[in-house]
Amino acid sequence: MLVDTHAHLQWTSFDKDREKVMIRAREAHVNRIVNVGFDVDGSVEGVKLAEQHEGLYAAVGIHPHNAIQLDQKVLNKLRELSENPKVVAIGEIGLDYYRDLSPREAQKKAFEAQLFLAEELELPVVIHDREAYRDVLEIISRFKGKIKGIMHCFSGSKDMAEQCIKLGFLVSFAGNVTYPNAHNLHQIAEWIDLRKALLETDSPWLPPQEMRGKRNEPSFLPLTAKKIANLKGICLDELAETTTKNAEAIFKLK
Ligand SMILES: [Zn+2]
Ligand SMILES: [Zn+2]
């Protein structure tokens with residue numbers, strides 16, 4: 001059994017066949033999925049889906065692309081949503097200097113405000129970092145010992161991974177680890193202590209190599225799991241067991 005620790009099943013590209021996608025996930029032994037928010041509506045929809053489906057959980061938060069939306073009202077809405085027992089994290093939050101869809105100052109402010117919220121609510125955070133690792137590290141190190149979380153769809157260096165782990169974070173691998181030219185990620189997957197690793201799809205984006213060009217979905221997660229098991233020279237069962245335990249612990253899944 002695997003846990004997809006990061007998917008966006010509330011996205012419109014699943015509107016036509018969402019139920020079938022969830023059935024295929026279970027058939028592929030992906031029996032639990034954390035549906036991650038990216039704006040207010042996405043967070044509301046994610047919580048709704050989690051309420052309606054066994055094995056589905058939600059993270060609520062404002063993505064750095066939408067950072068400009070974050071104000072006191074939005075923070076209060078996230079706080080209210082997090083009272084639902086199916087909400088297991090604040091996310092995704094962070095910094096994205098690759099697309100820069102919100103001004104960087106607004107991104108930093110929204111990131112910090114949501115880290116304080118997670119601290120207050122004693123929830124882990126799901127962090128999105130794209131080409132912003134220096135600032136991400138600087139900000140999360142201020143919360144050392146107060147915040148736990150996940151570096152989602154990790155794409156940084158081994159040094160960055162090491163520093164995040166030291167700060168109490170887990171490193172989550174997505175479909176891009178299966179890409180033949182992702183040598184850096186292959187090395188990190190080989191090197192990492194399995195107890196610090198998680199698996200995710202980031203559906204509908206970033207399909208594994210065998211599915212490139214298609215919409216990604218949770219049932220493709222075993223392809224990513226197999227690649228990491230191969231890189232580490234362990235069997236898929238061992239990888240599944242440890243990463244599932246890690247997900248259960250960080251999200252307090254029952
Ligand atoms: Zn992300
Ligand atoms: Zn995402």
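Throughout what follows, the structure given in this document is the object of discussion. (Residues numbered from 1 in each chain as written. Chains lettered and ligands numbered in written order. Predicted model: local features only at pLDDT ≥ 70, side-chain atom pairs only at ≥ 80, totals over all residues. Heavy atoms only, no water.)

1. Digging into the coordination of the zinc ion (ligand 1)
Note the following rule: Distances up to 2.8 Å from the metal define which N, O and S atoms are donors, and 3.2 Å serves for Na, K and Ca; water is absent from the atom set, so sites may look incomplete. A run of H or I in DSSP counts as a helix once it spans at least four residues, and a run of E counts as a strand once it spans at least two, with each numbered from the N terminus.
Bound to the zinc ion (ligand 1) are the protein donor atoms Glu-92 (OE), His-128 (ND1) and His-152 (NE2), situated 2.0 to 2.1 Å from the metal. For the zinc ion (ligand 1), all donor residues lie on one chain, and their spacing in sequence is E-x35-H-x23-H. In this structure, the zinc ion (ligand 1) lies 3.5 Å away from the zinc ion (ligand 2), the two metals sharing Glu-92 as a donor. Here Glu-92, found in strand β4 (residues 87-96), pairs with His-128, found in strand β5 (residues 125-130); they are 36 residues apart in sequence, far enough to count as distant.

2. Points about the coordination of the zinc ion (ligand 2)
We apply this condition: Metal sites are grouped by the angles between bound donors: all angles between 85 and 135 degrees with four donors is tetrahedral, opposite donors over 155 degrees apart with the others between 65 and 115 is square planar for four donors and octahedral for six, and any other pattern is irregular.
Note on the zinc ion (ligand 2): its protein donors are His-6 (NE2), His-8 (NE2), Glu-92 (OE) and Asp-202 (OD). The metal-donor distances range over 2.1 to 2.4 Å. Coordination at the zinc ion (ligand 2) is irregular: its four donor atoms span angles of 88 to 179 degrees at the metal. Mapped onto the sequence, the donors of the zinc ion (ligand 2) take the spacing H-x1-H-x83-E-x109-D.

3. Digging into the nonpolar core
Quick note on the threshold: What is meant by a nonpolar core is a set of buried Ala, Val, Leu, Ile, Met, Phe, Trp, Tyr and Cys residues, joined one to another through side-chain atoms within 4.5 Å. Three labels apply to residues, based on accessible area from a 1.4 Å probe with only protein chains included: buried if under 20% of the type maximum, exposed if over 50%, partly exposed otherwise in between. By the convention used here, residues are in contact when the closest approach between their heavy atoms is within 4.5 Å.
Ranked by internal contacts, the top residues of the largest apolar core, which has 68 residues, are Ile-140 and Phe-173. By residue number, the principal contributor to this core is helix α4 (residues 104-121), which donates five residues. Excluding residues that lie within four positions of it along the chain, Ile-140 makes contacts with Phe-111, Leu-115, Ile-127, Met-151, Leu-167 and Phe-169. Within the second largest apolar cluster, 15 residues are counted, among which are Tyr-57, Ala-89, Ile-250 and Leu-253.

4. So, the pairing of β5
The line we're drawing: Crossover handedness is defined by viewing with both strands directed away from the observer: a clockwise path from the first strand over the helix to the second marks the crossover as right-handed. In this scheme, strands are said to pair when DSSP sees at least two bridges between them.
Most of β5 is tucked away, with five of its six residues classed as buried. With α4 bridging β4 and the parallel β5, this β-α-β connection has right-handed handedness. Of the strand pairs in this sheet, β5 and strand β6 (residues 149-151) are connected by three bridges, and their pairing is parallel. In the sheet register, Val-125 faces β6, and the bridge partner there is Gly-149. Crossover handedness for the path β5 to helix α5 (residues 133-141) to β6: right-handed.

5. Concerning the packing of helix α7 (residues 183-191) against helix α8 (residues 221-232)
Put simply, the rule is: Each axis is a line fitted through C-alpha atoms, and for a helix only the stretch in contact is used; angles between axes span 0 to 180 degrees, taken between their N-to-C directions. By definition in this entry, angles of less than 35 degrees are roughly parallel, angles greater than 145 are roughly antiparallel, angles of 65 to 115 are roughly perpendicular, and the rest are oblique. Crossing handedness is read from the near helix: turned anticlockwise from the far helix by less than a right angle, it gives a left-handed crossing, and turned clockwise, a right-handed one. In the scheme used here, Gly and all other residues not listed as nonpolar or charged are polar, with Ala, Val, Leu, Ile, Met, Phe, Trp, Tyr, Cys and Pro taken as nonpolar and Asp, Glu, Lys and Arg as charged.
It is the contact of α7 with α8, at a shortest axis distance of 8 Å, that shows an interaxial angle of 70 degrees. Here α8 runs roughly perpendicular to α7, going by the angle between their axes. Of the two possible hands of crossing, α7 and α8 adopt the one that is right-handed. Residues His-186, Ala-189, Glu-190 and Trp-191 of α7 form the contact with α8, whose participating residues are Lys-227, Ile-228, Leu-231 and Lys-232. Residue classes in the contact of α7 with α8 are distributed as four nonpolar, one polar and three charged.

6. Things to note about the sheet that holds strand β2 (residues 30-36)
Overall, parallel pairing links the eight strands, which are arranged β1-β2-β3-β4-β5-β6-β7-β8 in an open sheet. A strand with exactly one partner marks an edge of an open sheet, and here the two such strands are β1 (2-7) and β8 (197-199). For this sheet, the mean angle separating the axes of adjacent strands, direction not counted, is 30 degrees. Note: strand β7 (residues 169-173) against β8, three bridges, orientation parallel. In the strand pairing of β8, Phe-173 is matched with Leu-199. Contacts between helix α2 (residues 40-52) and the sheet are confined to β2, β3 (56-60) and β4, with β3 contributing the most and set at about 160 degrees to the helix.

7. A look at the side chain of His-8
Put simply, the test is: Pairs of N or O atoms within 3.5 Å make up the polar contacts considered here, provided that, within protein, one atom can donate a hydrogen while the other can accept it, and that residues adjacent in sequence are counted only when both atoms are side-chain atoms.
By secondary structure assignment, the location of His-8 is in the loop between β1 and α1 (18-27). Under the relative-accessibility criterion, His-8 is labelled buried at 1%. At 3.1 Å, the side chain of His-8 and the side chain of Asp-202 are in polar contact. For His-8, the contacting residues outside a window of four places in its chain are Phe-14, Asn-35, Val-36, Phe-38, Glu-92, Asp-202, Ser-203, Pro-204 and Trp-205.

Honestly, it's all geometry; don't read function into it.
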